[in-house]
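Residue-level listing of the chains:
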Amino acid sequence: QVQLVESGGGLVQAGGSLRLSCTLSGRIFNAYDLAWFRQAPGKEREFVAAISWGGDSKLYTDGVKGRFTISRDNAQKTVDLRMDSLKPEDTAVYYCAARSSRIVLTTAYWDYWGQGTMVTVSS
C-alpha cells in the first residue's frame, strides 16, 4: 500500500549535476529503509545507493562513490539522490525503492518500487 513517485530526471551534459527526488505516500506503519536503483537499456537493474531509517547508514555501489549522495527527510517522507560529475554511463531509468527497516542495511530485498525517472547524460 506504499506508493513511491520519482521526479527530477532529464538531459544533462557530462560533468553536470542532477538531483532526483522520491516522495512516499500511503499507509506507512513502521520505520523503513530507502534505496535507489537504475536500469540502462539492455542491462539488468542494478543497485545504486541505500539509506537507513535514521540516516546513519548508507551504501553506494563502487561506480558512484564520491559522486552521488543519498539523503532523506522523514518529516516530508522523501529521499533524494544528488548526482555530481555525471558520466554517459550513468544514463538509465532511476527507481526508488522502500522496505521495512532492518538492523543491517543491505542491497537486497526491496518491497516497494516507483515507476522510474529517466536520466540521460550526453558526452
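The structure this text deals with has already been given above.
Residues numbered from 1 in each chain as written. Predicted model: local features only at pLDDT ≥ 70, side-chain atom pairs only at ≥ 80, totals over all residues. Heavy atoms only, no water.

J.: Even after reading the chapter, I still don't get the state of the cysteines, so can you show me in this structure?
T.: A covalent bond bridging the sulfur atoms of two cysteines is what the word disulfide describes. Enumeration over the complete set of coordinates arrives at one disulfide. Each sulfur in the disulfide pair C22 and C96 lies 2.0 Å from the other. Disulfide C22-C96: the torsion about the S-S bond is 50°, which places it as right-handed. Here C96 lies in strand β9 (residues 92-100) and C22 lies in strand β3 (residues 18-26), a separation of 74 residues in the sequence. Taken as a pair, C22 and C96 share a single burial class, namely buried. (Disulfide = S-S within 2.5 Å. Helix = DSSP H or I, 4+ residues; strand = E, 2+ residues; numbered from the N terminus. Buried < 20%, exposed > 50% of the residue type's maximum accessible area, 1.4 Å probe, protein only.)

J.: Help me out: how do you make sense of the side chain of D90 in this one?
T.: Note on placement: D90 falls in the loop between β8 (78-83) and β9. A polar atom in the side chain of D90 sits 2.8 Å from the backbone nitrogen of K87. (Polar contact = N/O pair within 3.5 Å; in protein donor to acceptor, adjacent residues only side chain to side chain.)

J.: I'm lost on the pairing of β9 in this one. Help?
T.: The side chains of a regular strand alternate between the sheet's two faces. Burial of β9 is extensive: seven of the nine residues sit out of reach of the surface. Taken together, the eight bridges between strand β4 (residues 32-39) and β9 define a ladder with antiparallel strand orientation. Note that in β9 the partner of D33 across the bridge is R99. Two elements, β9 and strand β11 (residues 117-122), share three bridges in a ladder whose sense is antiparallel. In the strand pairing of β11, Y94 is matched with T117. As paired strands, β9 and strand β10 (residues 112-113) are joined by two bridges and run antiparallel to one another. Each residue of the ladder has a partner; that of A98, found in β10, is Y112. (Pairing = 2+ DSSP bridges.)

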